[in-house]
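# Descriptive analysis of the structure
Below are the chains, spelled out letter by letter.
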There are 2 protein chains.
Amino acid sequence: MVDSWANLGVDLHLDLGRSGVRKGLTDALRDAVRGGRLTPGTRLPSSRSLAADLGIARNTVADAYADLVAEGWLTARQGSGTRVAERTVPAPKTPRPAPRRAAKVTYDLHPGSPDVSSFPRTEWAKATRRALLAAPHDAFDYGDPRGRLELRTALADYLSRARGVHAEPDRIVITAGFVGALQLLARVLRTRGATSVAVESYGLAHHWQHLTDEGLAIPPLPLDGLGTRTEALGAEGALLITPAHQFPLGNPLAPARRAQAVDWARRTGGVILEDDYDGEFRYDRQAVGALQGLDPDRVVYCGTASKSLAPALRIGWLVLPADLAAQVAEAKGVSDWQSSAVDQLALADFLTSGAYDHHVRGMRLKYRRRRDEFVAALAARAPHVRVSGIAAGLHAVLDLPPGTEQSVLRAAAWRGVHVQGLGFFRHPEATTPPRDGLVVGYGTPPDHAWAGALEALCGVLS
Amino acid sequence: MVDSWANLGVDLHLDLGRSGVRKGLTDALRDAVRGGRLTPGTRLPSSRSLAADLGIARNTVADAYADLVAEGWLTARQGSGTRVAERTVPAPKTPRPAPRRAAKVTYDLHPGSPDVSSFPRTEWAKATRRALLAAPHDAFDYGDPRGRLELRTALADYLSRARGVHAEPDRIVITAGFVGALQLLARVLRTRGATSVAVESYGLAHHWQHLTDEGLAIPPLPLDGLGTRTEALGAEGALLITPAHQFPLGNPLAPARRAQAVDWARRTGGVILEDDYDGEFRYDRQAVGALQGLDPDRVVYCGTASKSLAPALRIGWLVLPADLAAQVAEAKGVSDWQSSAVDQLALADFLTSGAYDHHVRGMRLKYRRRRDEFVAALAARAPHVRVSGIAAGLHAVLDLPPGTEQSVLRAAAWRGVHVQGLGFFRHPEATTPPRDGLVVGYGTPPDHAWAGALEALCGVLS
């Protein structure tokens, strides 16, 4: 037997050094015990096994063991072999940090996260098991940069059915969430000669940052009651937009503005990047389909599992025009920003088995119920506050009297309520007059914390 | 009931258009059937449910259904509701590509991949399940850029025990495989003012590419029988090296050269990037510990699950000096190159439960058996071929007479044997005289293909 350490169920690296084999082994074992790498009670391999393992004489090992028993580091007893003595005290190690505690935010109403306490753990475990057992061997190797075909096929069906997206597996690229998608798109747009990407007057600065990191300018489009004024588009190479549910304002882009964006793209050769981050969660009667359906050769559809399932999966997807699909796949192959194949296969199973629809349906009911409770509570407790952006998604906007946003944010923080102000999302060069307001993520808290969070928020506003 | 489509287990997006509700619904449903989005036999929601869902009158839905039954798109039968007619022929769609078949390589002896057919699917599914059920809620949210603490803690124990690495969870950053780690390191080194990273005369061009992409020069170090000549290090800001098992040559770095590298780093403030890609797989008696153990404040240890488990997980890890740990974590937070939290938790469970040791042990025995069969077969069939680099890892180098590498590669390709020549791995500016040889990945084939692959390779060489 050679792999005797292995037979103990552990691998242990021993540096025997050069000062004689017996002394080297004795020192190495002592260091391992002293340093805590061999813990009290651990059974050591037989001298025969360790000798074979290390390629030294059996007697040398037996001698080293005897030395260490004599020193008190090991104990030897008939029938139970040689073990690390129970009374050895490992040298103090840097204390291990405790698992990260939730930040001291008492009520987390931060927009952008789903209720992660509702992640379907058991169903996901089942899907993972089914997917693992059914996968071909090559699923575990370095893979197609576009992502697993099983997932791209399942997404093509789902997106066509649920979001009106014209999707074929060949035009889908799986990404590490929306941010991973945006990095790839920025790189490819730059390679194609784009120098600027029009963005909305309100959005996420860390998204814009990935565009500027690639050297792209990010001029903001103005905004009015119908949404982002896409008729103001000019010579930009691309447009990044949230048409179904503007983030963070929450309104859908008006039909005329949708048409104008597509007209612009056709006229100028521009590309529309449609960020459909929470398209699954619509509560109004008339659904807002994906803009991509209007012109699949001009619109890149960007979806994500971060809101419908969990950010921790780091899985998103792009549905691309054919030429861009090839370029994005190539850029992804070079960068090697891949998502876990196991999760990709599990998500494919989740989609095809109906578990995804089931989960989304349950979450939609939950979020809609919260939305209704939220609106009702505000109407009762803070009737002066106008709520908007509530037809879809996981967050709402509360308009505040001009000039009061900062003071309300301070009051919220003082009461342990974590929300964000509209100012946080405003483009630094936006020309639209600033609007004071709170962006409240009512999807974020776990169920048990929801009532308390809502009560605390009303306390801030009433 | 509102979510009636949902109650069918499907979500379906319908664009009702503007030309009257009844006509709009009829058209939308017809399009969905014609386009294949509603497949034959699918049961439609009751008119009451769909009407509630869409916020229109029930009679309107019933009328639309009746129209489509009259047109032959739907069928209605007492007791089984309204369904998509079985004889509808969906409009032809772009045919779905067949699942990717293995490339036409008959015998894959390409170095750099493990035997992915041995991925421990059942055990991994169990670990995933245990991890999913035990995880705190915040595991499913956007997470710590360093990666899950559970995994960093498990790795600190494992790397200390099995590889002699000085590892604390705070100094570990989880990455998307080694390539993800290299991209982060290149970015951080550049930010710290480095302009060049010394590399080995033989290595992987796509690794070097990530350094040059960040604007770093990659001067090659010369090579001799003791390994890479680290005494030739000068003003470079960093060194990228494979000390335990040079890739692809297969020799360990001599002790004196290890010491010289560390001395250089201490003297100049340079950083050593230790790529320990297959440190788990050593077959010789005396283990080669991690260089990092010599000076944890100068050496960045880079490990990966790609060889020990599967490339498809895209999980690697860095053990860093404290200052670099903070900088790499920050760069990772900005770039958002995260690995799946589910896989991270599963790997943590795999390590702490002993399943990782068990798997590595089994694979080590398998690879060593293959290595022995490989050496024996070559000794018998091609005794003129010198085999080297076989003390560890999943590949070996076969030296060829000068000037014959290309013709042997052609002969191999003709017989369907996929191997690579040493020339593929040679640094374009290497000064060491070129060496003709094959790099053979004996770890790559699945078990059932191994004997045939070995036979075919011997056929090429004998």
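Residues numbered from 1 in each chain as written. Chains lettered and ligands numbered in written order. Predicted model: local features only at pLDDT ≥ 70, side-chain atom pairs only at ≥ 80, totals over all residues. Heavy atoms only, no water.

When you go through chain A residue by residue, the secondary structure sums to 14 helices and 16 strands. The principal-axis extent of the C-alpha atoms belonging to chain A is close to 90 × 55 × 40 Å. Evaluated residue by residue, chain A yields a buried proportion of 60% over its 462 residues. Sequence-distant contacts in chain A: of pairs separated by 6 or more residues, those separated by 24 or more amount to 73%. For chain A, the exposed surface amounts to about 18,000 Å²; the carbon and sulfur share of it is 54%. The distance from the centre of the 54 positive side-chain charges to the centre of the 49 negative ones in chain A is 6 Å. (Helix = DSSP H or I, 4+ residues; strand = E, 2+ residues; numbered from the N terminus. Buried < 20%, exposed > 50% of the residue type's maximum accessible area, 1.4 Å probe, protein only. Contact = heavy atoms within 4.5 Å. Areas by Shrake-Rupley, 256 points an atom, 1.4 Å probe, with all protein chains shown as cover. Lys, Arg positive; Asp, Glu negative; His and termini not counted. Charge placed at Lys NZ, Arg CZ, Asp CG, Glu CD.)

Another point: the sheet that holds strand E13 (residues 395–399) of chain B. Taken in spatial order, the 4 strands line up as E12-E13-E16-E15 (chain B) in an open sheet, and their pairing is antiparallel. Strands at the two margins of the open sheet, each flanked by one partner only, are strand E12 (386–388) and strand E15 (420–421) of chain B. (Pairing = 2+ DSSP bridges.)

Moving on, we get to the domain arrangement of chain A. Per the domain assignment, the segments making up chain A are domain 1 (5–84), domain 2 (107–112 + 358–461) and domain 3 (120–355). The C-alpha-based centres of domain 1 of chain A and domain 3 of chain A are spaced at 56 Å. (Domains from an automatic or database assignment.)

What follows deals with the sheet that holds strand E4 (residues 172–175) of chain B. Residue and element names in this part refer to chain B. Judged by pairing direction, the sheet is mixed, and its 6 strands sit side by side in the order E4-E11-E10-E9-E8-E5 without closing on themselves. The sheet terminates laterally at E4 and strand E5 (197–198), the two strands that pair on one side only. Pairing of strand E10 (residues 299–304) with strand E11 (residues 316–319), which is carried by 4 bridges, proceeds in the antiparallel orientation. Within E11, the residue paired with Tyr301 across the bridge is Val319.

Evaluation of the coordinates by the stated rule reveals 18 aromatic pairs over all chains. Taking 5.4 Å as the distance between ring centres and 85° as the angle between the ring planes, the aromatic pair formed by Phe247 of chain A and Tyr277 of chain A counts as edge-to-face. With Phe247 of chain A in the loop between strand E8 (238–241) and helix H9 (255–268) and Tyr277 of chain A in the loop between strand E9 (271–275) and strand E10 (299–304), this residue pair connects regions lying 30 residues apart in the sequence. Taken as a pair, Phe247 of chain A and Tyr277 of chain A share a single burial class, namely buried. Grouping aromatic residues by their ring pairs yields a cluster made of Phe119, Trp124 and Phe350 of chain A together with Phe140 of chain B. (Phe/Tyr/Trp six-rings, centres within 6.5 Å; stacked < 30°, edge-to-face > 60°.)

On to unusual backbone geometry, then. All names here are of chain A. Put simply, Phe247 and Pro248 share a cis peptide bond, and its omega is 5°. With a phi angle near 50°, Arg314 is a residue other than glycine that sits in the positive phi range. Within the secondary structure, Arg314 sits in the loop between E10 and strand E11 (316–319).

With that settled, consider the pairing of E4 of chain B. All names here are of chain B. Going residue by residue along E4, you find Ile172 and Ile174 tucked away on one face and Val173 and Thr175 tucked away on the opposite face as well. Sheet analysis places E4 next to E11, joined by 4 bridges and oriented antiparallel. When the bridges of E11 are listed, Ile172 appears paired with Val319.

Below, the discussion takes up the packing of helix H11 (residues 341–352) of chain B against helix H12 (residues 355–381) of chain B. Residue and element names in this part refer to chain B. As a packed pair, H11 and H12 sit with axes 4 Å apart at the nearest point and diverge in direction by 75°. In terms of orientation, H11 and H12 fall into the roughly perpendicular class. Mapping the contact onto sequence places Leu347, Phe350 and Leu351 in H11 and Ala355, Tyr356, Asp357 and His359 in H12. (Axes fitted to C-alpha atoms, helices over the stretch in contact; angles between N-to-C directions. Parallel < 35°, antiparallel > 145°, perpendicular 65-115°, else oblique.)

Residues and elements named next belong to chain B. Taken N-terminus to C-terminus, the directions of helix H7 (residues 177–191) and helix H8 (residues 205–213) make an angle of 25°; their axes are 8 Å apart at the nearest point. The angle between H7 and H8 falls in the class roughly parallel. In this structure, H7 meets H8 at a crossing whose hand is right-handed. In contact with Phe178, Val179, Leu182, Gln183 and Ala186 of H7, H8 contributes His206, His207, His210 and Leu211. (Left-handed = near helix turned anticlockwise from the far one by under 90°.)

Another aspect to go through is helix H10 (residues 322–335) of chain B. Residue and element names in this part refer to chain B. With 14 residues, H10 extends 20 Å between its outermost C-alpha atoms, agreeing within 8% with the 20 Å of an ideal straight helix rising 1.5 Å per residue. Buried within H10 are the following residues: Leu324, Ala325, Val328, Ala329, Ala331, Lys332 and Ser335. The buried residues of H10 occupy an angular sector of 165° when projected down its axis, which confines them to one face. Just downstream of H10 lies Asp336, where phi reads positive at about 65°. (Expected span 1.5 Å × (residues − 1). Arc of directions from axis to C-beta.)

Residues and elements named next belong to chain B. Between its first and last C-alpha, helix H9 (residues 255–268) extends 20 Å over 14 residues, near the 20 Å set by a 1.5 Å rise per residue. Against the buried residues of H9 lie strand E6 (223–224), strand E7 (227–228), strand E8 (238–241) and strand E9 (271–275). Backbone geometry just downstream of H9 places Gly269 in the positive-phi region, at approximately 80°.

As a further point, take the side chain of Ser335 of chain A. Residue and element names in this part refer to chain A. As for its placement among the helices and strands, Ser335 is situated in helix H10 (residues 322–335). Assessed through its relative accessible area of 1%, Ser335 is described here as buried. Engagement of the side chain of Ser335 in a polar contact is seen with the backbone oxygen of Lys332, the distance being 3.3 Å. (Polar contact = N/O pair within 3.5 Å; in protein donor to acceptor, adjacent residues only side chain to side chain.)

Residue and element names in this part refer to chain A. For chain A, per-residue confidence averages 88 on the pLDDT scale, and residues scoring 70 or more make up 91% of the total. Note that pLDDT drops below 50 for residues 1–9; the model gives that stretch 33 contacts with residues more than four away or on any other chain. Here residues 88–103 is a poorly scored stretch, pLDDT under 50, and it has 24 contacts once near neighbours within four places are set aside; other chains count. (pLDDT = per-residue confidence, 0-100.)

It is worth spelling out the environment of Val460 of chain A at this point. Residue and element names in this part refer to chain A. Looking at the element boundaries, Val460 is found in helix H14 (residues 447–461). A C-alpha to C-alpha distance of 9.2 Å links Val460 and Trp414, two positions 46 residues apart in sequence. If near-sequence neighbours (up to four positions away) are discounted, Val460 is found in contact with Val408, Ala411, Ala412, Arg415 and Val417.

What follows deals with the pattern of salt bridges. Considering all chains together, one arrives at 48 salt bridges over all chains under this definition. For the salt bridge of Arg435 of chain B with Asp399 of chain B, the shortest nitrogen-to-oxygen distance reads 2.9 Å. Placement of the pair is Arg435 of chain B in the loop between E15 and strand E16 (437–441) and Asp399 of chain B in strand E13, with a sequence separation of 36 residues. Here Asp399 of chain B falls in the buried class, since its relative accessible area comes to 15%. Taken together, the shared-partner salt bridges in this structure form one network comprising Asp115, Lys366, Arg370 and Asp447 of chain A. (Salt bridge = Lys/Arg side-chain N within 4 Å of Asp/Glu carboxyl O.)

Turning our attention to the environment of Leu44 of chain A. All names here are of chain A. Following the sequence through the fold, Leu44 ends up in the loop between helix H2 (21–34) and helix H3 (47–54). The exposure class assigned to Leu44 is buried, which follows from its relative accessible area of 3%. Residues Leu44 and Arg83, 39 residues apart in the sequence, show an inter-C-alpha distance of 5.5 Å.

All right, on to the side chain of His210 of chain A then. By the element assignment, His210 of chain A lies in helix H8 (residues 205–213). A distance of 3.4 Å separates the side chain of His210 of chain A from the backbone oxygen of Val334 of chain B, its partner in a polar contact. Discounting residues that sit within four places of it in the chain, His210 of chain A has contacts with Val179, Leu182, Gln183 and Ala186 of chain A together with Val334 and Ser335 of chain B.

Before going further, it helps to examine the environment of Gly403 of chain B. All names here are of chain B. With respect to the helices, strands and loops of the structure, Gly403 is situated in the loop between E13 and helix H13 (405–414). Taking relative accessible area as the criterion, Gly403 reaches 66% and is therefore assigned exposed. Taking the C-alpha atoms as reference, Gly403 lies 22 Å from Ala205; in sequence the two are 198 residues apart.

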